[in-house]
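Reading the structure
Each chain is listed here by its residues.
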Amino acid sequence: MAIKFDEVSRTFYLDGKDITYAFFINEYDYAEHLYYGKTIGHDDLRYTRGTFGGSAVVKLSRPDVKTAVKSYNHFGSELTFHGTGDYREPMVEVVNPAGDRLTQLLYDSHEILSGKPAIKGMPSMRGGETLVLHLKDKVSCLACDLYYTVYEDTGVIARRAVYKNESKDVIMLNRAYSFAMTLPHMEYDVVSLYGCWAKERKIDRIPMHHGVVSIDSKRTSSSATLNPFMALAEKNATEEQGNVYGISLIYSSSFVLKAEGTPDGRTLVTGGINDFDFKWKLESGEEFETPEVIIAYSTEGMGGMSRSFHDAFRNYLINPRFVRKHRPVVINNWEATYFSFDSEMLKNIAKAVEGTGIDTFVLDDGWFGKRNNDSAGLGDWVVNTDKLHGGLKEIIDYVNSLGMKFGLWFEPEMVNEDSDLYRERPDYAIGVPNRPHCYSRNQFVLDLTRKEVRDYIVESVNKVLQENHIEYVKWDFNRNVTESYSLGREPERQAEFAHRYALGLYDLCERIVEANPDVFFEGCSAGGARFDPGILYYFSQIWTSDDTDAEERTHIQYGTSMVYPLSAMSCHVSVVPNHQTCRMTPMATRADIAHLGATGYELDTSHFSDEDRAVVRKQVEEYHEIEDLILNGDLYRTENPMESNYFGFMVVSKDKKEAVLTAYRRMGGVNNEMKLLKVAGLDAEKVYHVSGLDMTLKGSTLMNVGVAPMFAGGDFMTVKYWFKEVGAR
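Described in the following lines is the structure provided in the data block. Not measured: the values here are computed from a predicted model.

A complete count under the given rule lists 56 salt bridges for this structure. A salt bridge links R511 to D455, with the shortest nitrogen-to-oxygen separation between them at 2.7 Å. Here D455 lies in helix α6 (residues 451-467) and R511 lies in helix α7 (residues 497-515), a separation of 56 residues in the sequence. Classification of D455 by relative accessible area gives partly exposed; the value is 25%. Residue D507 is joined to R511 by a salt bridge in which the shortest nitrogen-to-oxygen separation is 3.2 Å. Of the two residues, D507 and R511 are both situated in helix α7; the distance of four residues between them amounts to about one turn of the helix. Accessibility expressed as a relative area gives 25% for D507, which makes it partly exposed. Exposure remark for R511: the relative accessible area of 28% places this residue in the partly exposed category.

This part covers the packing of aromatic side chains. Within this structure, the stated rule accounts for 46 aromatic pairs. A centroid spacing of 6.3 Å and a plane angle of 80 degrees characterise the contact between Y188 and Y245, whose relative ring orientation is edge-to-face. Here Y188, found in strand β13 (residues 188-194), pairs with Y245, found in strand β17 (residues 244-249); they are 57 residues apart in sequence, far enough to count as distant. Each member of the pair, Y188 as well as Y245, carries the same accessibility label: buried. Note that R530 overlies the ring of F477, its terminal NZ or CZ placed 4.0 Å from the centroid.

For the pair α6 and α7, the least separation of the axes is 10 Å and the interaxial angle reads 25 degrees. As judged from the angle between their axes, α6 and α7 are roughly parallel. As for the relative orientation of α6 and α7, their crossing is right-handed in sense. Along the contact surface, α6 presents R454, D455, I457, V458, V461, N462, L465 and Q466, while α7 presents G504, D507, L508, R511, I512 and A515.

Structurally, the position occupied by N165 is in strand β11 (residues 156-165). Within polar-contact distance, the side chain of N165 engages the backbone oxygen of L282 at 2.8 Å. Only 3.3 Å separates the side chain of N165 from the backbone oxygen of E283, close enough to count as a polar contact. Not counting residues up to four positions away in its chain, the partners in contact with N165 are C141, V170, I171, L282, E283, S284, G285 and E286.

Taken in spatial order, the eight strands close into a barrel running β23-β24-β25-β28-β29-β30-β31-β32, and their pairing is parallel. Going across the sheet, the axis of each strand differs from the next one's by a mean of 30 degrees, ignoring polarity. Relative to strand β24 (residues 360-363), strand β23 (residues 330-332) runs parallel, the two sharing three bridges. Directly across from N332, in β24, lies its bridge partner V362. With respect to the sheet, helix α10 (residues 587-594) is in contact with β31 (569-574) and β32 (598-602), its orientation differing from that of β31 by roughly 170 degrees.

A word on helix α4 (residues 391-401). Among the residues of α4, G391, L392, I395, I396 and V399 are the ones counted as buried. Elements in contact with the buried residues of α4: α3 (343-352), β24, β25 (405-410) and α6. Directly after α4, the chain includes G403, whose backbone phi takes a positive value near 85 degrees.

To continue, consider the pairing of strand β36 (residues 686-691). With four bridges joining them, β36 and strand β37 (residues 695-698) adopt antiparallel strand pairing. Looking across to β37, one finds that V690 is bridged to M695. Taken together, β36 and the strand that follows it, β37, pair antiparallel across an intervening segment of three residues, in which G692 is found at a positive phi of about 100 degrees.

This part covers a nonpolar patch on the surface. On the surface, a nonpolar cluster with roughly 310 Å² of combined accessible area is contributed by M674, L676 and V705. Position of L676 among the secondary structure elements: in the loop between β35 (658-665) and β36.

Direction vectors running N to C along α3 and α4 enclose 15 degrees, while the axes themselves pass 10 Å from each other. Classified by the angle their axes make, α3 and α4 are roughly parallel. α4 is crossed by α3, and the crossing has right-handed handedness. Taken together, the residues of α4 that come into contact with α3 (itself represented by S343, L346, K347, A350 and K351) are E394, I395, Y398 and V399.

The rules behind the values
- Residues numbered from 1 in each chain as written.
- Predicted model: local features only at pLDDT ≥ 70, side-chain atom pairs only at ≥ 80, totals over all residues.
- Heavy atoms only, no water.
- Salt bridge = Lys/Arg side-chain N within 4 Å of Asp/Glu carboxyl O.
- Helix = DSSP H or I, 4+ residues; strand = E, 2+ residues; numbered from the N terminus.
- Buried < 20%, exposed > 50% of the residue type's maximum accessible area, 1.4 Å probe, protein only.
- Phe/Tyr/Trp six-rings, centres within 6.5 Å; stacked < 30°, edge-to-face > 60°.
- Lys NZ or Arg CZ within 6 Å of the ring centre and 35° of its normal.
- Axes fitted to C-alpha atoms, helices over the stretch in contact; angles between N-to-C directions.
- Parallel < 35°, antiparallel > 145°, perpendicular 65-115°, else oblique.
- Left-handed = near helix turned anticlockwise from the far one by under 90°.
- Contact = heavy atoms within 4.5 Å.
- Polar contact = N/O pair within 3.5 Å; in protein donor to acceptor, adjacent residues only side chain to side chain.
- Pairing = 2+ DSSP bridges.
- Patch = residues over 30% accessible without salt bridge, like charges linked within 9 Å, V, L, I, M, F, W, Y side chains within 5 Å.
- Areas by Shrake-Rupley, 256 points an atom, 1.4 Å probe, with all protein chains shown as cover.

As structure tokens, then:
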């Protein structure tokens, strides 16, 4: 068993791959955190509690406690609560019928399940042995179930909470986080991923301090601004070594993650649904389920943390129908035509890549309604026959005749004011009565909290998919919510909006994805503004950024890889000068960087020469050589483009029999300094043939010495090395 309970010490031990998570039920029935780290024996860890300073000695508000004790504030925590001697960030805040805001959630019982229950209406990880800890406030009859799931093949813990109203009265939830966990000291750096459009997931690392470090989104979206991820890295932790705790929330709406440096020198981490502009009316007998959080632990620095997340998401989160299968190699028409196209133009783009190995043509925005620019048509999922004279069928049949699959772009959650849908049902758009709408990209967001709106979207999108031979969908989301208000909710329940939007989104995804099980779905949100594990559950890859410039992509893909596997990143080769940065980079470089993810092309191929086609054919062949590594391999980040002139990703097969190293040099120069590229992740005892060097070398030699790259002259150059085992020396 991965989960064991010692009845004498009342300690729970949860063992995963190379990790142990331990807590116990203390003498006051409080769930007290003891340890999360490298695998240890099931010894009595209560000796680590120590004695903590401070004057907050209280008599706990319990009739069975007769003397003053240290308060809850001094206990390492699995769940923090408000108003009974704990002054840290509470995991839950309520308003009881009497108007007080007190809670005291203490141990009632537990159960160990062989499987993992799904969350109602929300994505979550599959599989794994699961502990359910039942806590209860005996005064208010608020109950809480804490769920813990461990995995034998990856170093993560999955956690979540379910709050239950077992009283006869209404309870208001003002805060309902997913987890709390106390770490043993404050000597951490807080790592997060920040950004904006076209600059997603840049890495921020700041020192932990007394007080609260908080990252959040208030956008009813996980957002490009801050990703639902936080890491606590010990001061000396690097990419390759040191203790790191990573936290990733499986959620796609407004969130918050917090790290609090407490007066006793420890760190409390907690978070979940953002409690800003949040209230939830919990009727008698009702439950409130929180999104799942994945907590990784690594002794191998940031890289080890990332590999744990990658394994967890590939093994237990991403759609098993697609996660390890060949990904479509696409040609997308967007940067070739934008809105200005007709059937013949699209046919020419598709015909030009025939025989190159590109296997999927994707028709992007502009095929529906009166969609000649971004101010009209959204919501009207009917083919624009002025552009596509034979409808979708003609272009699909033509693409299929070339031996290619056909894909289509949708933005199901949006509507334009200039659309038949808005003219007929303006109330379907999110908005506040008697207030003017906020415009963004000339569009409004549809109110997914309402079932009738979701029903319209499901019927419209499924009709297109089921009446046409479409095998790939790109699902976009190009603006954030600005008015968190629903005409389908009474005034006192409007603060439920952001979470109800998430539930509506997941219902929409479930009904469309499951109705079309053979269609491959890719997520998008003005690039990578909703790149989160919740979306990844439904869409096996996500468009990483609208910025397709190879130089910028080294930064974006490096940061994204902190949490998400390479197979989750959709990466395209685009035209130069680049449409976002106007930068000129070599075609080979653009391809080498794009091949470090699910690859594709986005340019006007109708002007290709025979030489251009030959270049693309060779690039696609090279991608297929490494595709299995991209889908399944372990990633080692060997050069950080945010700290040097170089970028390096090394991807190694699980059996360590083969690997590929892609390295990039930003700026060339005269009399360049000597540079040895790091090599990582190989088996020290195996012998490898290294193409690019045409040499056979032992793994220990390669990893300790590295390789000396021969970059071509000029800026923005790449080199690539393949490593294949040839036998033991």
